[in-house]
Amino acid sequence: MIERPAQPPSQPPSRSSAQPSEPSSQPSEFVEALRGLRVWDPRVSALPLFDPAAAPAEPVALFATWFGEVVAAGEVEPHTMSLATADAEGRPDVRTVMLHDVDARGWHFASHSGSRKGRQLAALPYASLGFYWPLLGRQVRVRGRVTVEPAEVAHADLHTRSTGALAAALVGHQSEVLSSYEELERASEAAWARAEREPDVAVPSWTAYVVEPDEVEFFQGDARRRHVRLDYRREDGRWATELLWP
Ligand SMILES: Cc1cc2nc3c(=O)[nH]c(=O)nc-3n(C[C@H](O)[C@H](O)[C@H](O)COP(=O)(O)O)c2cc1C
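Thresholds, definitions, all that
Residues numbered from 1 in each chain as written. Predicted model: local features only at pLDDT ≥ 70, side-chain atom pairs only at ≥ 80, totals over all residues. Heavy atoms only, no water. UniProt positions renumbered as here; feature names shortened; annotations may be inferred. Helix = DSSP H or I, 4+ residues; strand = E, 2+ residues; numbered from the N terminus. 1 Å grid on protein atoms, 1.4 Å probe; cavity = no way out; pocket = protein on both sides within 12 Å on 5 of 7 lines; lining within 4 Å. Points joined across faces, edges and corners; volume = space filled by probe spheres on them. Nonpolar A, V, L, I, M, F, W, Y, C, P; charged D, E, K, R; others polar. Pairing = 2+ DSSP bridges. Salt bridge = Lys/Arg side-chain N within 4 Å of Asp/Glu carboxyl O. Phe/Tyr/Trp six-rings, centres within 6.5 Å; stacked < 30°, edge-to-face > 60°. Buried < 20%, exposed > 50% of the residue type's maximum accessible area, 1.4 Å probe, protein only. Near = heavy atom within 4 Å. Polar contact = N/O pair within 3.5 Å; in protein donor to acceptor, adjacent residues only side chain to side chain. Areas by Shrake-Rupley, 256 points an atom, 1.4 Å probe, with all protein chains shown as cover. Sits in = over half its atoms within 2 Å of the grid points. Expected span 1.5 Å × (residues − 1). Arc of directions from axis to C-beta.

An unreviewed UniProt entry annotates the chain as Pyridoxamine 5'-phosphate oxidase originating from Streptomyces phaeolivaceus. According to the UniProt record, the Sequence similarities (unreviewed entry) comment for the chain is "Belongs to the pyridoxamine 5'-phosphate oxidase family."

Pasting the structure below:
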């Protein structure tokens, strides 16, 4: 059962009415606007019951079930995820990437090996992934070692995608400093033409990665804040689970 709020949910702040301001003792308009926003607005979100005792013995099966359910609920871009890596000093970094597959090995994504994340992963091959699906109040967190797939896998994966995806990959230079937007336009123009002319062209820097999980946590939001957190940990090759306080 989902509780209805006593007050109707407020509207999100407009651009003009909510701007970050200088520190002061009064909450700024921006802070007021933030406080007026809701998480899991019952008009748009439904919070299913999640019984961790009935969860499967391993996390990929549960991820597949949850993913199917959020897709069915109409979640926007449920296949995008935050990918956190760390630099050589151990400082965290994060960005959004697309999920390409999930299987017994783990969570698959692709990017350029020379990008910031690619360089970070080459030096420290560990990552964390975060999915957030507000329509069902769900979050999934994955941590593990990152392995690089053979080049043929990245090539095949890229060439099942759109011409636009191939053109974007052909542009390359990801995370390098761009001198002007016009330079990108010129490179993109040439990349689109090449992608259309040579649909099988190789993009050597395009790399397929797999996050092989040793921990996967499922969070199911609850209207009374009794959120369920089920944590799977790989121990001696088997998955053990425990509940976590929310
Ligand atoms: C919705 C969305 C999906 C994205 N998917 C990818 C992706 O699959 N691979 C990728 O390299 N970058 C993707 N990006 C761009 C990354 O967020 C990031 O800007 C880029 O990879 C450079 O990151 P880095 O400098 O940390 O290496 C995506 C961005 C958004 C907003």
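Now that the structure is up, let's keep going.
**Things to note about unusual backbone geometry**
You will see that Ser-175, though not glycine, has its phi angle at about 80°, which is positive. When you line up the elements, Ser-175 lands in the loop between α5 (163-171) and α6 (181-197). Of note in the backbone geometry, Arg-225 takes a positive phi value of approximately 65° without being a glycine. Of note, Arg-225 is situated in the loop between β7 (206-220) and β8 (228-235).

**Topic: the layout of surface pockets**
Over the atoms, a rolled probe matching the size of one water molecule traces out where space is still vacant. Quantified by volume, the largest pocket comes out at close to 610 Å³. Lining the largest pocket are 28 residues, and of these His-112, Ala-168, Val-171, Gly-172 and Gln-174 lie nearest its centre. When residues of the lining of the largest pocket are traced back to their parent elements, those giving at least two are β2 (92-98), β4 (107-112), α5 and α6. A per-class count over the lining of the largest pocket returns 13 nonpolar, ten polar and five charged.

**Section: the pairing of strand β9 (residues 238-244)**
Across seven bridges, the pairing between β8 and β9 is antiparallel. Paired with Tyr-232 across the two strands is Thr-241, which belongs to β9. The loop that links β8 with its antiparallel partner β9 comprises two residues; one of these, Asp-236, has a positive phi angle of about 50°.

**Observations regarding the pattern of salt bridges**
Taken as a whole and judged by the stated rule, the model has 17 salt bridges. The shortest N-O distance in the salt bridge between Arg-105 and Glu-212 comes to 3.3 Å. Taken together, the residues Arg-105 in the loop between β3 (101-102) and β4 and Glu-212 in strand β7 connect sequence positions 107 residues apart. Between Arg-143 and Glu-215 there is a salt bridge, and its shortest N-O distance comes to 3.6 Å.

**As for the packing of aromatic side chains**
Inspection of every chain in the model, using the stated rule, returns twelve aromatic pairs. Here Phe-50 and Trp-66 contribute two aromatic rings whose centre-to-centre distance is 5.1 Å and whose plane-to-plane angle is 75°, an arrangement assigned as edge-to-face. Of this pair, Phe-50 sits in the loop between α1 (29-36) and α2 (59-72) while Trp-66 is found in helix α2, placing the two residues 16 residues apart along the sequence. The pair formed by Phe-50 and Trp-66 is uniform in burial state, with each residue classed as buried. A centroid spacing of 5.2 Å and a plane angle of 85° characterise the contact between Trp-66 and Phe-218, whose relative ring orientation is edge-to-face. Highlighted residues: Trp-66 in helix α2 and Phe-218 in strand β7, separated in sequence by 152 residues. A single burial state applies to Trp-66 and to Phe-218, both of which are buried.

**Points about the site of the ligand**
Near the ligand the following residues occur: Thr-80, Arg-95, Thr-96, Val-97, Met-98, Ala-110, Ser-111, Ser-115, Arg-116, Lys-117, Gln-174 and Ser-175. A distance of 3.0 Å separates an oxygen atom of the ligand from a polar backbone atom of Met-98. Contacts to the ligand include Ser-175, whose side-chain N or O atom sits 2.6 Å from an oxygen atom. A total of 620 Å² of accessible area belongs to the ligand in isolation, and the protein chains cover 66% of it. With respect to the detected pockets, the ligand is housed in the largest pocket. Elements supplying a minimum of two residues to the shell around the ligand: β2, β4 and α3 (116-123). With four residues, β2 is the single largest residue contributor to the shell around the ligand. Within the shell around the ligand, the residues separate by chemical class into three nonpolar, six polar and three charged.

**Focus: α2**
Every α-helix carries 3.6 residues per turn, so stepping three or four residues along brings you back to the same face. In this model α2 runs 20 Å from its N-terminal to its C-terminal C-alpha over 14 residues, within 8% of the 20 Å that 1.5 Å per residue would give. Among all positions in α2, only Pro-59, Val-60, Leu-62, Phe-63, Trp-66 and Val-70 are buried. Buried residues of α2, seen end-on, are gathered within an arc of 155° and therefore sit on one face of the element. For α2, the capping residue at the N-terminal end is Glu-58, with a side-chain oxygen 3.1 Å from the backbone nitrogen of Val-60. Of the residues one or two after α2, Gly-74 is the one with positive phi, at around 90°.

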